[in-house]
Every structure is written in C-alpha cells, then in structure tokens.
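Next come the chains, spelled out residue by residue.
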Amino acid sequence: MHDDRTLVESRLKRVLDERIRPAVYPESVPLEVGIWTAPGEPVPVAEGLAAPRAPIAVGDAWGAPWGTSWITVTGTVPEAWAGRTVEALIDLGFDANMPGFQCEGLVYRPDGTPVKGLNPQNQWVRIAAPAAGGEQVLLHVEAAANPVILDYHPFLPTELGDKETAGDRPQYKLARMDLAVFDETVWQLVLDLEVLGELMAELPVEGARRWQLLRAIERALDAIDLQDVNGTAAQARSELAGVLAAPAVPSAHRISAIGHAHIDSAWLWPLRETVRKVARTTANMTALLEDEPDFLYTMSQAQQFAWIKEHRPEVYARVRKAVAEGRFVPAGGMWVESDTNMPSSEAMARQFVHGKRFFLDEFGVENQEAWLPDTFGFTGGLPQIIRNAGSKWLLTQKISWSQVNRFPHHTFLWEGIDGTRIFTHFPPVDTYNCSMKGSEIAHAARNFKDKGVARHSLAPTGWGDGGGGTTREMVGKAARMNDLEGSATVRWEKPAEFFAKAEAEYPNPPVWVGELYLELHRATLTSQAKTKQGNRRSENLLREAELWCSTATLRNGAAYPYEQLDRIWKTVLLHQFHDILPGSSIAWVHREAEATYAALAGELEELIGAAQQALAGEASGGRELVFNAAPHPRSSVPAGGAASVAVAGPVCEAVERPEGGFTLRNGLLEVVVDAEGLIASVVEVASGRETVAPGSRANLLQLHPDFPNMWDAWDVDQFYRNTVTDLTGVDAITADRAADRASVRIARSFGSSTVVQTLTLRAGEQRVDIDTEVDWHETEKFLKAAFPLDVHTERYAAETQFGHLYRPTHTNTSWDAAKFEACNHRFVHLDEPGWGVALVTASTYGHDVTRTVRDHDGGTTTTVRFSLLRAPRFPDPKTDQGLHRFRHALVPGAAIGDAVREGYRIGLPERRVTGTAERVAPLVAVDDDALVVSAVKLADDRSGDLIVRVYEAGGGRATGRLTTSFPLAGAVPCDLLERPWDGTRGEVTVADGAVRLALRPFELVTLRLSATV
C-alpha cells in the first residue's frame, strides 16, 4: 500500500481547523454590550452590578493596565432555537495561547450569584439546555485587564508590572460577544478526532495500530459533508467508534489524572489579583464538577481557600459542598506553595501547621501529601518536617527543569539530613499544566523511569500559573483515554489514591539522599534583597515575640496575643510563596511586600517591647537588663532569659599601619586591614593560625556582568564568572575605637554606586563583624563578597532547616559542578581536622564555594563568596535599586557548634530594657549546646501548655536535660500541630522535674509541657 500518511494527517488538520471546530457553534446572534470601568481598585460586587453602563461594541478598546471593567451582555434566544442548547460566547480579547496571563473575567447573574470564570481557553457560558424561545439573557462580567508581562518575546523589560508606572493605554479589544447554538455532536466529534489524531502521531509508523487509526480517521473525514458538517457529524463519529472502543493493552502505563490549576499566589500579578483568580477558577471547577460525574479536582494552598472564604463566600459555599462530596480535594497541607530553600526552620514548620490546621478545621481533611509542583528545589531538612507534620508523601514536577543532569527516578524515597524518608513522585508528564494532549500522555509513558517495577504516574490536569483549571475538553479527552489501545490509561483519581497505589506496587523504591537541588533558578537566592531581608527579620521577630510573650504570660499573667501572632504568621508565610520570597515577581508585589514587612515589624516590636517591659518591671527602676532571645547563653545572659551585664574593659585596639590601613586587636584575634580596605590577615591568637589564604585578601567585593540566557530574575548562568571586576578602589579609610570595640570604616565607589563597610572587633568576641551599606544603581550586574580561606576541605556545611547539609567544594561530577550557586541560612562552615572557619549572615542566602591549589606553596585556598545584590530588569526593571544594608561575620577557629551559635547571634541582637527586676529566668533551659531550642510558645489550643521545639544541631548524637523554671507536671512529645505523637525516634523521658532528651543527628522533637497547678 502506498504511504499516504502525511496526506491524511494534513487533511485532518485543515478540516478540523476550518470546518469542524467552527461548526460547534453553527448559529449565532450578537449580544448587546455595555461597560463601566471602576475608577481605581476593584469594587465590591454590588457596586459593580449597580454602576451605569455605556455602550461598547466588538472591536472597541477597553481596559487600562490592572483596571477592572464591569461588562454587561444582554440578548434574546431566537424562537427558532427552542429546544436546543444555547451558550453565550464572551471573548474579552483573549489570546488563546496565553491562558492565565492576561485579561480574565468572572460572570455573575443579575442577583450577584457567580456563575463561572472566563479565560482564553474557556469563553462559554451555558444559558440553557434545552433553551426556550424568547428567553431573555442578562449576564455581568467582572473583567480584569491584567497586562501581558511575559509576552511572545519574553523577558523584555516593561513598566507594566506596577500600576504606578503602567500607564492607562487600553490593553484589549472586545472580540466575539454572541449568543450561539452549541452542537454537542460536533463538539464530541472534535474530541474524537483530536484524541485519535494525537495518539496516531505518537505511535510507531511500523505498527498496525497507527494505520488502523489513520484509516478510521480517513473514513470519518470522507463521511463529513463539508457544507453540512452538523448534519453529517454523527455518521463521522460512527466511523471512529470501533477504534475508540479498542481496549488498552494490559501492560499500558497508568495515569492518575487530577484536575488542577496551579495558581501562583503572586507572580506577574499582585496578591489582590490572585484573590480574584482563585474565585474565577474555583467557580469554574465547581461548575465542571456538577456537569462531569467522573471528574475530580484538587487545590492546594490553604491561603487560597481562605481568600475565597473571605472575599467570595458564595463560591466558597460551593467549594465546601464539593469537598464534602469528596470531589474537590484540598491538597498539600501548606499555607502556600512556598519556597523551601530560604524559609527558616520554624517558618517551614508553620507552613504545615497553618495549612493542615485550616483543612482540618474547615473540612475535616488531614492531608498526607506535600504538594509543591513548581517550587525551585527542595532542602534536605524538608522530609523530617513533612513527617513531623503527620504527612508522608511529596509531589513535585520542577526538578524536570534542571538544565544539566536528568534526575534518575520518577518515584523514589527521599531521605533528609536526619534520615527521614518520604515517598516522593515526580510526574513524568513533565508539566503541572497537563491539557490531555496525546503528546503529553505519550511522553509520560515513554519518559517514566521506573518501568518494569512500577506503572503508575500522576498528571495534574488543567491550565495553571495564572489559573483557569481543567476544561470540559480535557475531561472529554480523558474519558476517551480511559481504556484506549495504544495509549496509557487515564483515570480521575485523588492524589492520596494515586500515592497509595504507587506505594503498594513499589515497596522497595530507590533512595535519594540529601537536597533535591534544582539546576536552574539559582539567582532567586539573591534577587530582591529587601524582600529577603523582610522575611528574615520577620522570622526573627516572631521568635522573639512568641518567647517573650509566653514568658510574660506565665510569669506575670499577661494576655497572650494568639490572634495577632496567628495573623502575622500567616502573612509572613504568604510572602514565602515561591515567586515572592525568591524575588521573581513584578515590581508591584515587591513594593507591597516591603511595606507589609515594615508594618509587621512595627507590630512585633510593640509586642516584644511590652512583654519585656512587663518582665523587667517599671521603667523607672533604673536597672538595665539585657534580654537574650538566642538559644545559647552570651555575655553571661542565659538563653531565653535576661540579666544585668557588666561592661567589658577597654581591651580593643585599632593601630594605624605605616604602609596604610589598620591592625585591629582584641586579645582573641588580630586583624590586618590593608591600605585598600581589604582583610589581609586574620590570626587566631590562641593557636597562631592564619585564616586568610596566603597571597589573598578577604572581604573583597567583586562585580560580575549578569545577563542570563533566560529568566532574568530567576537565573544566573555559569558564564557570569568569566568576567569579574575586583572593587579595590578606596575613597576613604578611617578607624574608630570605643571601650568595647575597635573598627575600620572603608568607603568605595564604583559605576553609579557607592559602598561603605565597617569592620569591627568587639571585646571578648572571636569574630570579625562586617557591616555593609550599598547605594546600588547598577544594571544587570552581580555583586559578591569573597573570603579566600586557608582551609583544605572537600566539603563544607551550609545551614538549612533544623540542621545543616554538606556540599562539595570540588567539581568532580556534573552534579557537583551544577551547584555553582547554593543556599545557606545563617552560616556556612569549613574545617580541617581540629580547626574550622564559619561565615555567618544576617539576611543573605545565595553563595558559592570554590577551591584552588596555590602554586607557591601547594596549599589549598577555599573561597566562600556571599551573593549580595543583582540588578535584573525582568519582571521588575528596577530590581534592587537603592540603599541596602547587610551584616556578616567571619569566625576563625569555629567548630560547627560555634557556627550555629554565631548564626543565631547575628539575627537576634541583645535588647536592653530598664526596669526593677534583677533577672528574668528562662522558661526552659537545655544543658547541651548541641540541643537547640527553635521555638518557645503557648499551645495554639489555648490550654496554657507551653510548646518547646528542640533539635540536634551538630550532626551527632546528643543527650541532655531540659529543665523549666516553673513546676513541671508533664512533657508529651507532639507533632508539629501540637498533637500527641509517637513518631519521634529519639528518647524523651520525664524524671526529677526535668525532661531527658536523647536525640539522633539533626533529630527534631516538639514537646508540650504542662505546669503543676
């Protein structure tokens, strides 16, 4: 037989595009349209419905950037359409290729009842089936003119990302606004042909099934009268029935589909627009659930449920009903789909606490899975947090974006830094926006790396990022692939159903140990420095507020601010969303984030100040108390307590050097700052050990060009290192000496920017404090601070949640080389046997570590560089412009425990309060520094119990006693939600009024402590 495949395939495409799809709506009449544009921000529904309308016609422009217009359509169903299915077609000017990234609308009935959302892939509104002739149609659309930020030529700088700079030029033109007859037979024929045509293209040419499909499609096309598609569609469908009924082979890959709309809580739109995106999508999905009995839908992010509850209660009522029926499935158990690299230990835990508790309180649902399809890599501390939250599974898709190495598994056990293992799945469909195309389904089956030992995978199905969700077309296509020869089988299943089946069929999956590093989007550890600083400051202030408010409540009977702390935590957690904290959102988002963090800081400072004053007594008492919120004693002040502190004697020196620069001494360290303001030497006096590598200078600011190939705010490509400018020019260098410190101040200028650094030695402290102030006005540049250290090591430690992880300093493999920019929390630590160095940071996350061997002495130089600032132009063209302040410290002779201690110290400064009290005893104390208290708070159930979270921080085994300054009645190990839990692997016993703890490396335990009444 002659090979006419391409002829038939081309025929199929043209007939579908030009004849069959247009025949889905064979008859139409125009609707009358009126419009009212809100003068500012979105208005309440009642106001939008009542506002006067002005006429507008198809082709007319509407919608200034970020504006809201209320559009009303009216019409009458023609008498001739009686008994037929009638729909309104409302096209606001959509681009079909950009669902979720431009204008959208929510349709209302005249009484304000929401109907469904409108987006480029979902423009229809069902009027009646069957319709009555003469029926009146009146619908209102709350239309959002969200501008296109990520256009066909992506990553071009634009001022559209903030309403303050976006201007008022209309963004869209009204397109089709019709009342139309919907021909379901033709619509079904479209799906038949799409499914079979897409499947056919994926099958091997030499296989019989491909040719069976080709001939069936050819017969169907022959049966179509192109001048009467509607009259002949049924006959065409009959020609396809046989090949559609052929069952899948027994070994076919099995896909669990779940309706989904990955809605970024902010990204190329502000938070207020996400509130409306969620309402539009959930209105659509609850309507689709009513129409499609087999369909299931899932939504993560408790924050998004909370938004609907607050802003769209009518939609939320529909959601609650569908959840109760088991068809609208809350997923993930987190407050938002957060970044996981940068949130602190407690913040990461609270994501699950607040997310899971919301789902339990609202729906009685306990999530078993963490759902993070789009997060930019996963910290090694996460498995233990998931397990301690009462969950056991993880889903993500993002690792498939890695540029260098292909991850070897799709289903596996992920082992965290403490040994906790989580059953994990990466959907081989390689998208969280599956649309049920044959190419996607075939890719999932071919791509699945666990063939032969497993056969299940999951496919989140629906338009995402900006929302939209699953369409009726996707549901129709899935139904055809339920059991279809040549295809993987597709079933609608809940995430928990999928995980249970996958776990049962794969009892011994492979194990991946350590972080799940994304080989992409590395620059999100640095972009938008003020957002990152606001996050870190908020985390620290929340720790302090909980600690001191708990202490004031138990000591003085002060009221504990449950509601206020709950609200603040949820706001901080929201801003850890994976496009806010990483710095990859539009200018509007980060401008609002900076203001929000400032307001939260003000609230928390008031709480801390009031609690500390209550503990210190009347301010007129005249005795100064130093409060220490860190988990380690310092300056003779106990951890979590307060005491008076004597001022240290004048032991610091700042001596001018004849060759320029200064030498700083405090009896513990001797630091040489040369004439160019760089650290030429740091000697630990006790050991005589030099910290700075021979021939090198530390605290060297380095400037790189920074123009990645794609994803400007997200990415830094490795070639940025090819060009570097060392900033050694000095405008001024001066020294200062006080009773308890000596410092050197260095001022520099470069490009359009200036920087002032202050290097300080303090009495009794074995560290060099580095304060940096940068007035930054560069574009597409990357600023780093380099510390070349005389340390020979093949690995270094970087702090993560509830511990630290190790990364190589070498590039032996492509996996090692790909980690050229990585995340730390408060410290990185390098050591040789017997001696180490810590570098700590108050608010930066990105860093790199490299090693070289010196020619002149054969020694190894290991260089740590903190990433300070970037200047990408997309999506915020003015990213990081302005004044920034950073704090770092260099700690020679540091063991890992010193790194932990100094990391807490830099973010939790001493607070001095005047009062009458002589001291404030800590509520709890631990007698082993390796056992670190990460939280002290009152129980959320308002029982009055004290919640204390402790983890082993050194990476070894630790045994210690936790004592209380109140009479201890009992201690119960709990999960993160403060429920009794026997999941801890360590030993927790109560004896002699104390809690004995025996924890394994990095083990976390949460205790509920009750006092004797």
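Residues numbered from 1 in each chain as written. Predicted model: local features only at pLDDT ≥ 70, side-chain atom pairs only at ≥ 80, totals over all residues. Heavy atoms only, no water.

What to know about the overall build of the chain
- Helix and strand content of the chain: 18 helices and 54 strands.
- Structurally, the chain occupies a C-alpha span of about 100 × 70 × 60 Å along its principal axes.
- Considering the chain as a whole, with its 1013 residues, one finds that 62% of them fall into the buried category.
- Considering only contacts within the chain whose residues lie at least 6 apart along the sequence, 74% involve residues at least 24 apart.
- A total accessible area of about 35700 Å² is found for the chain, and carbon and sulfur atoms account for 51% of it.
- Put simply, the chain has 102 plus and 133 minus side-chain charges, and the middle of one group is 2 Å from the middle of the other. (Helix = DSSP H or I, 4+ residues; strand = E, 2+ residues; numbered from the N terminus. Buried < 20%, exposed > 50% of the residue type's maximum accessible area, 1.4 Å probe, protein only. Contact = heavy atoms within 4.5 Å. Areas by Shrake-Rupley, 256 points an atom, 1.4 Å probe, with all protein chains shown as cover. Lys, Arg positive; Asp, Glu negative; His and termini not counted. Charge placed at Lys NZ, Arg CZ, Asp CG, Glu CD.)

Topic: the sheet that holds strand β28 (residues 679-684)
- Spatially, β25-β26-β27-β28-β29 is the arrangement adopted by the five strands of the open sheet, whose pairing is antiparallel. For this open sheet the edge positions go to β25 (653-656) and β29 (689-690), each flanked by a neighbour on one side alone.
- Two elements, strand β27 (residues 669-673) and β28, share five bridges in a ladder whose sense is antiparallel. In the strand pairing of β28, Glu-670 is matched with Val-683. (Pairing = 2+ DSSP bridges.)

So, the pattern of salt bridges
- In total, this model carries 84 salt bridges according to the counting rule given.
- The partner of Glu-9 in a salt bridge is Arg-210, and the shortest N-O contact between them spans 3.0 Å. Of this pair, Glu-9 sits in helix α1 (residues 5-20) while Arg-210 sits in helix α4 (residues 208-223), placing them 201 residues apart in sequence.
- By relative accessible area, Arg-210 is classed as buried at 8%.
- One salt bridge in this structure joins Glu-415 and Arg-421, with 2.9 Å as the shortest N-O distance.
- Members of the salt-bridge network, linked through shared partners, are Glu-41, Glu-104, Glu-142, Lys-163, Arg-272, Glu-273, Arg-276, Lys-277, Arg-280 and Arg-312. (Salt bridge = Lys/Arg side-chain N within 4 Å of Asp/Glu carboxyl O.)

As for the environment of Ala-442
- Of note, Ala-442 is situated in helix α11 (residues 438-447).
- Ala-442 sits in the buried class, given a relative accessible area of 17%.
- Between the alpha carbons of Ala-442 and Ser-487 there is a distance of 6.9 Å; along the sequence they are 45 residues apart.

Considering the nonpolar core
- In terms of nonpolar packing, the biggest core is built from 254 residues, with Trp-62, Ile-71 and Leu-1009 touching the most fellow members.
- Counting 48 residues, the second largest nonpolar core, distinct from the first, contains Val-671, Val-673, Trp-835 and Phe-886. (Core = buried A, V, L, I, M, F, W, Y, C linked by side-chain atoms within 4.5 Å.)

A look at the packing of helix α3 (residues 184-202) against helix α5 (residues 229-245)
- Taken N-terminus to C-terminus, the directions of α3 and α5 make an angle of 40 degrees; their axes are 9 Å apart at the nearest point. Considered as vectors, α3 and α5 are oriented oblique to each other. In this structure, α3 meets α5 at a crossing whose hand is left-handed. Contacts between α3 and α5 involve Thr-185, Val-186, Gln-188, Leu-189, Asp-192, Leu-193 and Leu-196 from the first element and Val-229, Asn-230, Ala-233, Ala-234, Ala-236, Arg-237, Leu-240, Val-243 and Leu-244 from the second.
- Across the contact of α3 with α5, the residue classes break down as eleven nonpolar, three polar and two charged. (Axes fitted to C-alpha atoms, helices over the stretch in contact; angles between N-to-C directions. Parallel < 35°, antiparallel > 145°, perpendicular 65-115°, else oblique. Left-handed = near helix turned anticlockwise from the far one by under 90°. Nonpolar A, V, L, I, M, F, W, Y, C, P; charged D, E, K, R; others polar.)

Overview of the side chain of Asp-374
- The topology assignment puts Asp-374 in the loop between β16 (369-371) and α10 (382-388).
- With relative accessibility at 3%, the residue Asp-374 sits in the buried group.
- There is a polar contact of 3.3 Å between the side chain of Asp-374 and the side chain of His-262.
- For Asp-374, the side chain forms a polar contact with the side chain of Lys-398, separated by 2.6 Å. (Polar contact = N/O pair within 3.5 Å; in protein donor to acceptor, adjacent residues only side chain to side chain.)

So, the sheet that holds strand β9 (residues 124-128)
- As summarised here, the arrangement of the four strands in space is β1-β12-β6-β9, forming an open sheet in which the pairing is antiparallel. The open sheet has two free edges, formed respectively by β1 (28-30) and β9, since each of these has just one partner strand. Averaged over all pairs of adjacent strands, the angle between strand axes in this sheet comes to 25 degrees, irrespective of strand direction.
- Bridge count between strand β6 (residues 86-90) and strand β12 (residues 177-181): five bridges; the pairing is antiparallel. Note on β12: the bridge partner recorded for Glu-87 is Ala-180.

Concerning the packing of aromatic side chains
- Going through the model one piece at a time under the given rule, you end up with 40 aromatic pairs.
- With centroids separated by 5.1 Å and ring planes inclined at 65 degrees, the aromatic side chains of Tyr-297 and Phe-328 adopt a geometry described as edge-to-face. Here Phe-328 lies in strand β15 (residues 328-330) and Tyr-297 lies in strand β14 (residues 297-299), a separation of 31 residues in the sequence. For the residue pair Tyr-297 and Phe-328, the accessibility class agrees, reading buried in each case.
- Ring centres 6.3 Å apart and planes at 35 degrees place the aromatic pair Phe-359 and Phe-363 in the tilted group. A residue pair is termed a helical-turn pair when its members lie 3 or 4 positions apart in one helix, as Phe-359 and Phe-363 do in helix α9 (residues 345-363) at four residues.
- For Phe-363, a relative accessible area of 16% gives the class buried. (Phe/Tyr/Trp six-rings, centres within 6.5 Å; stacked < 30°, edge-to-face > 60°.)

With respect to helix α13 (residues 495-505)
- Restricting attention to buried positions, one finds in α13 the residues Pro-495, Phe-498, Phe-499 and Ala-502. Down the axis of α13, the smallest arc covering the buried residues is 95 degrees, so these residues share one side. (Arc of directions from axis to C-beta.)

Describing the pairing of β25
- Direction of pairing for β25 relative to strand β26 (residues 662-665): antiparallel, over a ladder of four bridges. Considered in β26, the bridge of Glu-653 is made with Arg-665.

A closer look at the pairing of strand β20 (residues 456-461)
- Within β20, six of the six residues are buried, which leaves it mostly tucked inside the rest of the structure.
- Here β20 shows two buried faces, one formed by His-456, Leu-458 and Pro-460 and the other by Ser-457, Ala-459 and Thr-461.
- Where strand β13 (residues 254-259) and β20 come together, six bridges link them in parallel fashion. Across the sheet, the residue bridging to Ile-255 is Ser-457, located in β20.

Focus on α3
- Here α3 spans 27 Å end to end across 19 residues, near enough to the 27 Å set by a 1.5 Å rise per residue.
- Burial analysis of α3 places 14 of its 19 residues in the buried class, the great majority of the element. (Expected span 1.5 Å × (residues − 1).)

Notes on the environment of Gly-464
- When you line up the elements, Gly-464 lands in the loop between β20 and α12 (472-480).
- Using a relative accessible area of 4% as the deciding quantity, one classes Gly-464 as buried.
- Along the chain, Gly-464 and Pro-99 lie 365 residues apart, while their C-alpha atoms are 7.9 Å from each other.
- Sequence-distant contacts of Gly-464, that is, excluding residues within four places in its chain, are made with Pro-99, Phe-101, Ala-261, His-262 and Asn-433.

What about unusual backbone geometry?
- A cis amide bond, omega 5 degrees, links Ala-129 with the succeeding residue Pro-130.
- Along the chain, Pro-130 turns up in the loop between β9 and β10 (136-144).
- Cis geometry marks the peptide bond from Phe-874 to Pro-875, where omega comes out at 5 degrees.
- Checked against the element boundaries, Pro-875 lands in the loop between β43 (860-870) and β44 (882-892).
- Unusually for a residue other than glycine, Asp-465 sits at a positive phi of about 65 degrees.
- Following the sequence through the fold, Asp-465 ends up in the loop between β20 and α12.

Notes on the environment of Ser-238
- Along the polypeptide, Ser-238 turns up in helix α5.
- Owing to a relative accessible area of 40%, Ser-238 belongs among the partly exposed residues under this scheme.
- It is 46 Å that separates the C-alpha atoms of Ser-238 and Gln-403, two residues lying 165 residues apart in sequence.
- Polar contacts involving the side chain of Ser-238 include one to the main-chain carbonyl oxygen of Gln-235, which spans 2.5 Å.

So, the side chain of Asp-183
- Along the chain, the position of Asp-183 falls in the loop between β12 and α3.
- No salt bridge is formed by the buried Asp-183. Its closest oppositely charged neighbour is Arg-84, at 6.1 Å.
- Within the structure, Asp-183 has its side chain in polar contact with the backbone nitrogen of Thr-185 (distance 3.0 Å).
- There is a polar contact of 2.7 Å between the side chain of Asp-183 and the side chain of Asn-230.
- Non-local contacts of Asp-183, meaning those with residues more than four positions away in its chain, are made with Ala-23, Val-24, Pro-26 and Asn-230.

Purely geometric numbers; function is a separate question.
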